[in-house]
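# Breakdown of the fold
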Amino acid sequence: MVDVAEKEMDNPTFRSDTVLSDVHLHCPSKSHLMVRLNAVGQPVFLSYFKLLWSTEDLASGKHVREITTGGEHQCKSGDELCAKDRSNIKKERELNSEGVEALLDDDGDLEVVRRPRSASDLPAEDLLRDIVCPVILMKGKEDAFEDEEQECPCSDVVKIEHTMATPLEDVGKQVWRAAFLLADYILFKRDTFRSCSVLELGGGTGITSIIMGTAAKRVYCTDVGEDLLAMCEQNVALNKHLMESGGGEIKVKELDWLKDEFCTDPEAPYSWSEEEIADLLDHCSVIMAADVFYDDDLTDALFRTLYRITHNLRNSCTVYLALEKRLNFTLRHMDVTCEAYSHFRNTLNDLENLQDGKMKYTVEPIKLDFCQFLVYERIEQL
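Residues numbered from 1 in each chain as written. Predicted model: local features only at pLDDT ≥ 70, side-chain atom pairs only at ≥ 80, totals over all residues. Heavy atoms only, no water.

### A word on the packing of aromatic side chains
With the rule as written, the count across this model stands at 14 aromatic pairs. With a centroid separation of 6.4 Å and 70° between ring planes, the pair formed by Tyr185 and Phe193 is classed as edge-to-face. The exposure class of Phe193 is buried, given its relative accessible area of 0%. Ring geometry for Tyr341 versus Phe344: centroids 6.0 Å apart, planes at 40°, classification tilted. Remark: Phe344 and Tyr341 occur in helix H12 (residues 339–352); sequence separation between them is three residues, near one turn of the helix. One aromatic cluster is present, formed by Tyr185, Phe188, Phe193, Tyr320 and Phe370 through successive ring pairs. A cation sits over an aromatic face here: Arg308 above Phe262, 5.7 Å from the ring centre. Sitting above the plane of the Tyr341 ring, Lys325 keeps its charged end 5.0 Å from the centroid. (Phe/Tyr/Trp six-rings, centres within 6.5 Å; stacked < 30°, edge-to-face > 60°. Buried < 20%, exposed > 50% of the residue type's maximum accessible area, 1.4 Å probe, protein only. Helix = DSSP H or I, 4+ residues; strand = E, 2+ residues; numbered from the N terminus. Lys NZ or Arg CZ within 6 Å of the ring centre and 35° of its normal.)

Right, dumping it as structure tokens:
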């Protein structure tokens, strides 16, 4: 299998519908090990995502370290920035401010001012973010992870198997920034979700459900596709230690938005039992979804599913939706637009204005001034 993997990685082929993830470029891990090829021949990597507190602190409610959205480190509970961090921040600010301004040439065209070359000449040890790159697994799996596990204590690391490039229909196998954003909010509002029963729609690799599992009583992490659900189940197993202190449980289940019913076929993998459906409808008080609004038809299907499920819940429910607005230049508009986001907003407005005498939906935006607990790039479009 390693020989095949090496050939795949030495000669990568990107088709017109290939979707690339950029999250792995901002991970705090030193390497990303390719552990296997999945059922459709895609390289699967294992990445370590650093939590800025440990499971002991999760249990006690203590905040060890947080990062603000402005990119500056801010430590709580008496923990101060070390001198090296302050020096690095000052150095980066100076490098970013050297002669960077918009200029026009004689014809009125924009002259792009390049970042000063000195900014890229910093030694690796002085950079705020570790330089990372994929590494092909070349030896036995157990030996390959021995050094990594020694450097990354289990109590503050989330291990996620994922791909880095897929066709559009398989993007759930990648890790996306909105999942980190929602995970941050869960960690920031842990007491709100404590002992809740939660449903995630389009759970993908499962990272958000895993973070939710540190606080909630039970999480139903749902998606569609046996290969994807198997990857998600593997990730839940890799991170059981994070949920032990809170006693949370994660169940990986199939939920196809294009179908009107839960899959209850006992022969089908990841199907629902009647008891699980009853438990969900009787106790679910939180529904969440992260970065699932990229296709108009799927957006419509998601909102139909959301209406159907909330319509049958015994109790009122709060739905948390996180997404990244992706801007694209289109020939149809001859402008930079975000059509997927516009369709999402229109559909959300339709749901809020729905008047059927049975359900009432209220939409409220959440300010993104809460602290950052995972290392990733929190961009303006989130």
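### What about the sheet that holds strand S12 (residues 218–223)?
One open sheet accounts for five strands, arranged S13-S12-S11-S14-S15; its pairing is parallel. Whereas interior strands pair on both sides, the edge strands pair on one side only; in this sheet they are strand S13 (249–254) and strand S15 (318–322). The sheet shows a mean angle of 20° between the axes of neighbouring strands, direction not considered. Two elements, strand S11 (residues 197–200) and S12, share four bridges in a ladder whose sense is parallel. When the bridges of S12 are listed, Ser197 appears paired with Arg218. Lying over the sheet, helix H10 (residues 274–283) contacts S11, S12, S13 and strand S14 (284–290), oriented at roughly 100° with respect to S14. (Pairing = 2+ DSSP bridges. Axes fitted to C-alpha atoms, helices over the stretch in contact; angles between N-to-C directions. Contact = heavy atoms within 4.5 Å.)

### What about unusual backbone geometry?
Glycine aside, a negative phi is what most residues show, and trans is what most peptide bonds show. Phi at Tyr270 is positive, roughly 65°, even though this residue is not glycine. Relative to the helices and strands, Tyr270 is located in the loop between S13 and H10. Despite not being glycine, Asp291 has its phi angle at roughly 55°, a positive value. Here Asp291 is to be found in the loop between S14 and helix H11 (296–312).

### Concerning the confidence of the model for the protein chain
Segments scoring low in pLDDT should not have their predicted coordinates read at a detailed level. Looking at the protein chain as a whole, the pLDDT averages 77, with 63% of positions reaching at least 70. Every residue in residues 1–10 scores below 50 in pLDDT, and together they form 15 contacts with partners more than four places removed in sequence or on other chains. Across residues 130–153, confidence stays below pLDDT 50; counting only partners more than four residues off in sequence or on other chains, it has 41 contacts. (pLDDT = per-residue confidence, 0-100.)

### Digging into H11
Over its 17 residues, H11 runs 25 Å from end to end, which matches the ideal 24 Å to within 8%, given 1.5 Å per residue. Taken as a whole, H11 has its buried residues at Thr299, Ala301, Leu302, Phe303, Thr305, Leu306, Arg308, Ile309 and Thr310. Against the buried residues of H11 lie S11, H10, S14, S15 and H12. For H11, the side-chain oxygen to backbone nitrogen distance between the N-cap and Asp297 is 3.1 Å, and the N-cap itself is Asp295. (Expected span 1.5 Å × (residues − 1). Polar contact = N/O pair within 3.5 Å; in protein donor to acceptor, adjacent residues only side chain to side chain.)

### Concerning the pairing of S14
Most of S14 is tucked away, with six of its seven residues classed as buried. One ladder, built from four bridges, connects S11 with S14; its direction is parallel. Its bridge partner being in S14, Ser197 is matched across the sheet by Cys284. Two elements, S14 and S15, share five bridges in a ladder whose sense is parallel. Residue pairing across strands places Ala290 opposite Ala322, the latter belonging to S15. Crossover connection from S14 via H11 to parallel S15: handedness right-handed. (Right-handed = clockwise from strand over helix to strand, strands pointing away.)

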